[in-house]
Amino acid sequence: IRDRVTIVSADSGQDANIASPSVDQLLNDDVDAIIGPAATGVTLAVIDKITGSEVVQCSGSTTGAVFTDYPDGGYYFRTTPPDSLQGQVLADVITDDGATSVGIIYRNDEYGAGLDRALAAALEANGVAVPVRVAIDENATSYDAEVGQVQSEGVDATVVITFAEGATLIQGMIEAGIGPQDVQMYVTDGISQNVVPTDVDPDNPGIFEGVRGTAPSIAPPDGEPTFLERFQAFAPPDTPTIFSAHHYDCVNILVLASLAAGTDDPTVFVNEILEVTNGEVPCISYAECAPLIEAGEDIDYQGASGPVDFSDAGEPTAGVYDVYEYDAEGNIDYGEPVLIAS
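First things first, this report covers the structure right here in the doc. (Residues numbered from 1 in each chain as written. Predicted model: local features only at pLDDT ≥ 70, side-chain atom pairs only at ≥ 80, totals over all residues. Heavy atoms only, no water.)

1. Considering the overall build of the protein
Phase 1 of the analysis: Tallying secondary structure elements over the protein gives 13 helices and 14 strands in all.
Phase 2 of the analysis: Against the globule reference of 20 Å for 342 residues, the protein gives a C-alpha radius of gyration of 21 Å, in line with a compact fold.
Phase 3 of the analysis: Looking at the protein alone, contacts between residues at least 24 apart form 64% of all its contacts between residues at least 6 apart.
Phase 4 of the analysis: Accessible surface, the protein: about 14700 Å² in total, of which carbon and sulfur atoms supply 47%.
Phase 5 of the analysis: Taken as two groups, the 9 positive and 57 negative side-chain charges of the protein have centres that lie 4 Å from each other. (Helix = DSSP H or I, 4+ residues; strand = E, 2+ residues; numbered from the N terminus. Rg over C-alpha atoms; globule rule 2.2 N^0.38 Å. Contact = heavy atoms within 4.5 Å. Areas by Shrake-Rupley, 256 points an atom, 1.4 Å probe, with all protein chains shown as cover. Lys, Arg positive; Asp, Glu negative; His and termini not counted. Charge placed at Lys NZ, Arg CZ, Asp CG, Glu CD.)

Spelled out as structure tokens, the structure:
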């Protein structure tokens, strides 16, 4: 790919004040496609600017259900499955564990609210009561009131859907007697990627012992088998691997679509993006797929993140999720990945 693509980098940060001028910079540089931003909320702030400029956008980590039906003119794609699928996987884990009454605490943005809606609906469909769902402000310094609402319901399981603010929230839950050692707790990728147990209790890395969760799979069994090893050899030590395969697939899909179209004009190659993920001849890497396109084959790209198979909405029709549990040392033990289709 390196001899075909010029990379221009810009920081999206974690809020629109950083992402918006970065997008302006990229558009001024006349890029053909933008990979990112990383977060659902930040993407919402800039998607109109990108797609309205008829520049292709592909995200490897925005999971908010809002994008499934978003009016993007056909220019927005994502290789991560929507949170509606993760909600079902997590609901099934909670149900299989025997919970009967669940309290959900979520950050008040599209990521948190969207996953809360999907999870609550799936739990109730499974016959599990959800008597309390509480939104929190990510910038608050205390969550005593919100924790109190959950505590008063006497639930037998809690779900925390947050980012880094989850450390302060869980500290408050521990003080209120509904922490992970008192009530079974479940989390999502927002916690596993932004909070480590010692953020909650510096003296006790085992504070999360028994906490269970779900996240888009780091290395799905059907994914390109050498990707994780190659990524770890390339990346600095301790670089998070979650979503790395999904971003990698964004790049491959866009370049393969451009190759299939015979042009880097985004108004033209955008029409090939669905085609290269839904063709007749499966292939699993750029090196394998590119010669097939040049030979006139109708390819079906199957990437590092697993089968992509874009729907008409430009997102995967299935998702692979890791189900994990924290051990007494604060490490995450992964079980078998779960495949779920929309």
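More follows now that the structure is in view.
2. A few points about the packing of helix α3 (residues 83–96) against helix α4 (residues 110–125)
Phase 1 of the analysis: As a packed pair, α3 and α4 sit with axes 8 Å apart at the nearest point and diverge in direction by 45°. Here α3 is positioned oblique relative to α4, judged by the angle of their axes. When you trace α3 past α4, the crossing you get is right-handed. Every residue of α4 that contacts α3 at D83, S84, Q86, G87, Q88, L90, A91, I94 and T95 is listed here: Y111, L115, A118, L119, A122 and L123. (Axes fitted to C-alpha atoms, helices over the stretch in contact; angles between N-to-C directions. Parallel < 35°, antiparallel > 145°, perpendicular 65-115°, else oblique. Left-handed = near helix turned anticlockwise from the far one by under 90°.)

3. Concerning the nonpolar core
Phase 1 of the analysis: By size, the foremost hydrophobic cluster in this structure holds 29 residues, and its most contacted members are L169, M173, V187, I191 and F208.
Phase 2 of the analysis: Within the residue set of this core, elements represented by two or more residues are β5 (129–136), α5 (144–151), α6 (166–175), β7 (184–187) and β12 (318–326).
Phase 3 of the analysis: Among the elements that make up this core, the one with the highest residue count is α6 (four residues).
Phase 4 of the analysis: Setting aside its immediate chain neighbours within four residues, L169 contacts I105, I136, Y143, V147, V160 and T162.
Phase 5 of the analysis: Counting residues in each nonpolar core, the second largest holds 27 residues, with V89, Y106, A157 and I340 among its members. (Core = buried A, V, L, I, M, F, W, Y, C linked by side-chain atoms within 4.5 Å. Buried < 20%, exposed > 50% of the residue type's maximum accessible area, 1.4 Å probe, protein only.)

4. Quick look at the sheet that holds strand β3 (residues 76–78)
Phase 1 of the analysis: Taken in spatial order, the three strands of this open sheet run β1-β2-β3, and their pairing is parallel. Each of the sheet's edge strands pairs with one partner strand only, and the pair in question is β1 (33–35) and β3. Each strand of the sheet is rotated relative to its neighbour by a mean of 20°, with strand direction disregarded.
Phase 2 of the analysis: Relative to β3, strand β2 (residues 56–59) runs parallel, the two being bridged by three bridges. Among the inter-strand pairings, Q57 is bridged to a residue of β3, identified as Y76.
Phase 3 of the analysis: Relative to β2, helix α2 (residues 40–52) is tilted by about 155°, and along the sheet it contacts β1, β2 and β3. (Pairing = 2+ DSSP bridges.)

5. Brief notes about the side chain of S285
Phase 1 of the analysis: Summarising the element assignment, S285 is placed in the loop between β9 (281–283) and α13 (286–294).
Phase 2 of the analysis: A polar contact of 3.1 Å, which involves the side chain of S285, links it to the backbone nitrogen of E288. (Polar contact = N/O pair within 3.5 Å; in protein donor to acceptor, adjacent residues only side chain to side chain.)

6. Remarks on the pairing of strand β10 (residues 299–303)
Phase 1 of the analysis: Among the five residues that make up β10, five are buried, leaving the element largely enclosed by the rest of the structure.
Phase 2 of the analysis: Taking every second residue as pointing to the same face, both faces of β10 are buried, with I299, Y301 and G303 on one and D300 and Q302 on the other.
Phase 3 of the analysis: Handedness of the β-α-β unit built from β9, α13 and β10 comes out right-handed.
Phase 4 of the analysis: Adjacent in sequence and paired antiparallel, β10 and strand β11 (residues 306–307) are bridged by two residues. (Right-handed = clockwise from strand over helix to strand, strands pointing away.)

7. So, the packing of helix α9 (residues 227–234) against helix α10 (residues 244–261)
Phase 1 of the analysis: Two elements in contact, α9 and α10, have axes separated by 11 Å at closest approach and are oriented at 100°. In this view, α9 runs roughly perpendicular relative to α10, as classed from their interaxial angle. On α10, the residues that touch F227, R230 and F231 of α9 are S244, A245 and Y248.
Phase 2 of the analysis: Across the contact of α9 with α10, the residue classes tally to four nonpolar, one polar and one charged. (Nonpolar A, V, L, I, M, F, W, Y, C, P; charged D, E, K, R; others polar.)

8. A closer look at the layout of surface pockets
Phase 1 of the analysis: Volume-wise, the second largest pocket comes out at about 250 Å³.
Phase 2 of the analysis: The wall of the second largest pocket is formed by 14 residues, among which S192, Q193, V196, I332 and Y334 lie closest to the centre.
Phase 3 of the analysis: Residues that form the lining of the second largest pocket fall into these classes: nine nonpolar, five polar and no charged. (1 Å grid on protein atoms, 1.4 Å probe; cavity = no way out; pocket = protein on both sides within 12 Å on 5 of 7 lines; lining within 4 Å. Points joined across faces, edges and corners; volume = space filled by probe spheres on them.)

9. Quick word on the packing of aromatic side chains
Phase 1 of the analysis: One pass over the structure, following the stated rule, counts nine aromatic pairs.
Phase 2 of the analysis: Where F67 meets Y76, the ring centres are 5.0 Å apart and the plane angle is 35°; that geometry is what we call tilted. Grouping residues by exposure puts F67 and Y76 together as buried. (Phe/Tyr/Trp six-rings, centres within 6.5 Å; stacked < 30°, edge-to-face > 60°.)

10. Focus on unusual backbone geometry
Comment: phi is negative for the bulk of residues other than glycine, and the bulk of peptide bonds are trans.
Phase 1 of the analysis: Looking along the chain, the bond that leaves G36 and enters P37 is cis, with omega of -5°.
Phase 2 of the analysis: On the secondary structure map, P37 appears in the loop between β1 and α2.
Phase 3 of the analysis: Positive phi values are uncommon outside glycine, yet D238 reaches one of about 70°.
Phase 4 of the analysis: Mapped onto the fold, D238 is located in the loop between α9 and α10.

11. Here's the deal with empty space enclosed by the protein
Empty space left among the atoms is revealed by rolling a probe the size of a water molecule over them.
Phase 1 of the analysis: Scanning the model with the defined rule gives one cavity of 30 Å³ or more in all.
Phase 2 of the analysis: The volume enclosed by the largest cavity comes to roughly 30 Å³.
Phase 3 of the analysis: Surrounding the largest cavity, S192, Q193, A215, P216, I218, I242, D322 and Y334 form its lining.
Phase 4 of the analysis: Per-class residue counts for the lining of the largest cavity are five nonpolar, two polar and one charged.

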